[in-house]
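Reading the structure
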Amino acid sequence: MKPIYNILIIIVILSALPRSASAGSDLAKEKRWSEQIVDSLLTGESVQLEAAGTPFLGIYTEASQGKTGYGVILAHGIGVHPDWPEVIHPLRSMLPEHGWSTLSIQMPVLPNDAELKDYLPLFDEAGPRIESALQFLRQQGNQTVVVLGHSLGAAMAASYLAGDGQRGIRGFIAVGMGVIQLDDKMNSALALEKIRIPVFDLYGSRDLADVRSSATRRKTAAQKSGNRSYRQLEIEGADHFFMGMEDELVRRVYGWLVALSRTNKEKTP
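Before going into details, it helps to say that this report is about the structure given with it.

Here we look at the pattern of salt bridges
Considering all chains together, one arrives at 11 salt bridges under this definition. Across the salt bridge formed by Glu193 and Lys224, the nearest N and O atoms sit 3.8 Å from each other. Of the two residues, Glu193 is situated in the loop between α6 (188–192) and β7 (199–206) and Lys224 in helix α8 (residues 215–225); the sequence distance between them amounts to 31 residues. Of the residues examined, Lys224 reaches a relative accessible area of 62% and is grouped as exposed.

Below, the structure written as structure tokens:
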């Protein structure tokens, strides 16, 4: 009877411990976000995607000219959703006017009281979601696909691209990406040392302190990789969310996309 008693004690202790973030994305929160977005969506259409057996929301907005062959995957920042009003919505709704279809995806999220370190296990969930988004855009006829991430979404995308994720992705745009030193997997500087595709590292002069202070480190990491297609740009007056400077954000991103297309000797939309 003693072993059973010990097992019961262990079960009681474990049940009293706080829930670990390693349980994965907060799917209930994702569901709430999805219901709110789908009911109020004015631009684009909601699509149901799946990664590793888990369904997640995507918002697809086709280029206003129709199928141009150009697409952008948008990965939002910490704890929010694929139609977030800052950074994500302006890009997902305005880039299609310039010939680039967009697919904004729900990234893994945690409850509002979660700390940044709690997001480490979710980095492994982000890659399959980006892969699923890539497959969807391919099915829509987009042969040139770029990944754009904001804040933590940029760090997640960088981590994915540093592995085998560069296959099929033609470029990477990081908006407001800092260097998280809690773990190597979260460290975008280490990721940039392995990324070979063209990179546009965009941030504001009023961005978060970590984003601004790590700019030199990110550039050095890209140089270490030998990536000659890395470009870094600081936008004067912009904060982490480009509040009031949405048009400037879209203009800069589209300008880089045009340059990427020309470099690849493809027809610019």
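Let us keep going from here.
Quick look at the packing of helix α4 (residues 123–139) against helix α5 (residues 152–162)
With their axes 9 Å apart at the nearest point, α4 and α5 run at an angle of 80° to one another. In terms of their interaxial angle, α4 and α5 are classed as roughly perpendicular. Residues Phe123, Ala126, Gly127, Ile130 and Glu131 of α4 touch α5, and the partners they reach there are Leu152, Ala155, Met156, Ala157, Ser159 and Tyr160. The residue inventory of the contact of α4 with α5, partitioned by class, reads eight nonpolar, two polar and one charged.

As for the sheet that holds strand β1 (residues 45–51)
The eight strands lie next to each other as β1-β2-β4-β3-β5-β6-β7-β8, forming an open sheet whose pairing is mixed. Of all the strands in the sheet, just β1 and β8 (230–239) have a single pairing partner and so form its edges. When strand polarity is set aside, the average angle formed by the axes of neighbouring strands in this sheet is 25°. With six bridges joining them, strand β3 (residues 70–75) and strand β5 (residues 144–150) adopt parallel strand pairing. Residue pairing across strands places Ala75 opposite Gly149, the latter belonging to β5. Sheet contacts for helix α2 (residues 27–40): β1 and β2 (54–61); angle to β2, the most-contacted strand, approximately 30°. Where α4 meets the sheet, its contacts fall on β1, β2, β3, β4 (101–105) and β5, and the angle it forms with β1 comes to roughly 125°.

Some words on the environment of Gly176
You can see Gly176 is positioned in the loop between β6 (171–175) and α6. For the pair formed by Gly176 and Val211, sequence separation is 35 residues and the distance between their alpha carbons is 6.2 Å. Apart from residues no more than four positions distant in its own chain, Gly176 is found in contact with Ser151, Leu202, Tyr203, Asp207, Val211 and His240.

Notes on the nonpolar core
With 48 residues, the main nonpolar core has Ile73, Leu103, Ile105, Met156, Phe172 and Ile195 as its most contacted residues. No other element matches the nine residues that α5 contributes to this core. Met156 has contacts with Met107, Pro108, Tyr119, Leu122, Phe123 and Ala126, leaving out every residue within four places of it along the chain. Of all hydrophobic cores here, the second largest spans 27 residues; its members include Val146, Phe200, Met245 and Leu260.

Calculation notes
Residues numbered from 1 in each chain as written. Predicted model: local features only at pLDDT ≥ 70, side-chain atom pairs only at ≥ 80, totals over all residues. Heavy atoms only, no water. Salt bridge = Lys/Arg side-chain N within 4 Å of Asp/Glu carboxyl O. Helix = DSSP H or I, 4+ residues; strand = E, 2+ residues; numbered from the N terminus. Buried < 20%, exposed > 50% of the residue type's maximum accessible area, 1.4 Å probe, protein only. Axes fitted to C-alpha atoms, helices over the stretch in contact; angles between N-to-C directions. Parallel < 35°, antiparallel > 145°, perpendicular 65-115°, else oblique. Contact = heavy atoms within 4.5 Å. Nonpolar A, V, L, I, M, F, W, Y, C, P; charged D, E, K, R; others polar. Pairing = 2+ DSSP bridges. Core = buried A, V, L, I, M, F, W, Y, C linked by side-chain atoms within 4.5 Å.

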